[in-house]
Amino acid sequence: MTVRVRFAPSPTGYPHIGNIRTVVFNWLYARQQQGTFVLRIEDTDRERYVDDALHVITDSLTWLGIDYDEGPGVGGDYGPYVQSRRLQLYQDAAETLVAQGKAYRCNCSKERLDAVREAMRAEGKTPMYDGLCRDKPAGAVAQDEPHVIRLKVPREGLTTFHDVLRGDISFENALIDDQVLLKSDGYPTYHLAVVVDDHLMEISHVMRGDDWIPSTPKRILIYEALGWEPPTYVHVPLVLGPDGRKLGKRHGATSVDEFRRQGYLPEALLNFLALLGWAPGEGDEQEIFSREELIARFDIHRINLSPAVFSYDKLDWMNGVYIRNLSPDELLVRLIPFWTDAGLIPTPVPVEILRTLEILVPLVQERLKTLKDVVELTDFVFQEVPVPTLEALMPKNMSAEQSLEAIRATQRLLSGLVQFTAEEMEPRMRALATELGLKAGPLFGIVRNAVTGKQVSPPLFGSLQAVGRARTLKRLEVAERVLTAHLG
RNA sequence: GGCCCCAUCGUCUAGUGGCCUAGGACGCUGGCCUCUCAAGCCGGAAACGGGGAUUCGACUUCCCCUGGGGCCA
């Protein structure tokens, strides 16, 4: 059997990271089985429609490297792939069921439905439609008067479906409402549209969050009424926030686009998501997987059953691993947008600044958890730094006189260098420390504070090289003045 | 509230009756390295929710409870 799976988002905004994890599972399965991955847009809820959401969705998928074989923009033999252009198909399906007596027209008013529900609730029962129109003779509600079409759900028995991961799951029909299939405006309800589309698009596996389990019997009943074979269901666990609740807006960064802007690498995010609820097992302890390895090794039968908490800590670690594994050239390319977005460098990047960036990249590579971290780490190269405080210039056990002497000696040393490079500086500065009777640490610390304006910086001499001789000396002068002023 | 799903370190997980004195990873933590911070290396603390049943033997099978989550209202 050919595997055909789909991602069917509503165009209501940025795809959510929890849903994307499920998309990753679908996509990995499709690629591994050499099946087809379909993108379908479920836009029948016209009120929630967000303009341009389609692009947001496809951009997110593209960025993550999730490609699709059929869908809006790429075509396919099962189109259209946008539900609002398939309305006739849903109407036909609903009318067929009415003609066969498996569904019926219902013209109950909203007021009556509310009253019915209220009454049932008062009795302590689950509010459901009472079936008034169900028992009317066929044709009692005319086709041209406002009405909805409801499914005639069996009043007794069980509806059972098979889930690949959990086995058979059953629900009592008596608890399932005579669900509306077609609304009075001719639009399908969500479940009817999905069933019709999945069937017509020959979707073989429906892999979705397990929060959909309770609605599955409704769909099975529609399949049965239409005489169609349901797909294979794989309900995967939800992704939870750190508070143990279904991951949502309240948990901060949750859209793919936000992760991109925060400086996560798509390959790291993909790796991380694939491991949320899945592991290779069999004693294998590998955690870093390339895209190809994930495709080859993914196994839907090994998807965990329990929900997984999204760990930003682990994602940060994994992102750092991926950053360290990049070549310096590749890292530079990925870093540039973050420098420009922060306003530290102009676009396009002038050649002399590019040289500086090339110096910086190896210095920051193993210090980055996210690409965005580079901004805070290297801003001193592109901006003025604050005047250093006295404390910053006076390490413990050092007097102001000693500090001043150290800074003046450093100024002389750096001005005299033939080449202003880290390689030239380091051995001489170490020798200088010895001459001054200091350890390297305190001396370097003074210079670091004076030139970078920070207690913590990338390796000192590379940083000085990036700042350049003129500005380095200027900043040392400022520090010198701070100390002379203090000494009066 | 009704129905449904789930249950190994704080988190992600390995484990499918004896290989478990429960393994790995993140995080936390002690140390080494070291110009700061990282990275790297070595070490540590940290879990089978509870009770029955099956079995010579249960993390692993079954039942109940508890807990968490979800859907509907």
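Residues numbered from 1 in each chain as written. Chains lettered and ligands numbered in written order. Predicted model: local features only at pLDDT ≥ 70, side-chain atom pairs only at ≥ 80, totals over all residues. Heavy atoms only, no water.

Chemist: Which residues make up the protein's contact with RNA strand B, and what values go with them?
Modeler: Every one of the 46 residues lining RNA strand B counts as a neighbour, but R166, G277, E366, R367 and R448 are closest to it. At the protein interface, 78% of the atoms of RNA strand B within 4 Å belong to sugar or phosphate. In the model, a phosphate oxygen of RNA strand B is placed 3.4 Å from a nitrogen or oxygen of the N304 side chain. In the model, a base nitrogen of RNA strand B is placed 2.6 Å from a nitrogen or oxygen of the S457 main chain. Elements supplying a minimum of two residues to the surface near RNA strand B: strand 6 (167–172), strand 11 (308–309), helix 10 (312–325) and helix 17 (440–452). For the surface near RNA strand B, the element with the highest residue contribution is helix 10, accounting for 4 residues. Of the residues belonging to the surface near RNA strand B, the class tally is 20 nonpolar, 10 polar and 16 charged. (Near = heavy atom within 4 Å. Polar contact = N/O pair within 3.5 Å; in protein donor to acceptor, adjacent residues only side chain to side chain. Helix = DSSP H or I, 4+ residues; strand = E, 2+ residues; numbered from the N terminus. Nonpolar A, V, L, I, M, F, W, Y, C, P; charged D, E, K, R; others polar.)

Chemist: Kindly report on the layout of surface pockets, identifying the contributing residues and their values.
Modeler: Of the pockets and cavities examined, the largest pocket occupies roughly 1,200 Å³. Forming the boundary of the largest pocket are 41 residues, of which P9, S10, H16, N19 and W212 lie nearest the centre. Residue assignment for the lining of the largest pocket shows that the elements contributing at least two residues are strand 1 (4–7), helix 1 (17–32), helix 5 (190–200) and strand 8 (205–209). For the lining of the largest pocket, the element with the highest residue contribution is helix 1, accounting for 5 residues. Counted by class, the lining of the largest pocket contains 16 nonpolar, 14 polar and 11 charged residues. (1 Å grid on protein atoms, 1.4 Å probe; cavity = no way out; pocket = protein on both sides within 12 Å on 5 of 7 lines; lining within 4 Å. Points joined across faces, edges and corners; volume = space filled by probe spheres on them.)

Chemist: Lay out helix 6 (residues 216–226) in plain terms, naming residues and giving numbers.
Modeler: Within helix 6, 9 of the 11 residues are buried, which leaves it mostly tucked inside the rest of the structure. Taken together, the buried positions of helix 6 are occupied by T216, P217, R219, I220, L221, I222, Y223, A225 and L226. Residue G227 follows helix 6 closely and has a positive phi angle near 75 degrees. (Buried < 20%, exposed > 50% of the residue type's maximum accessible area, 1.4 Å probe, protein only.)

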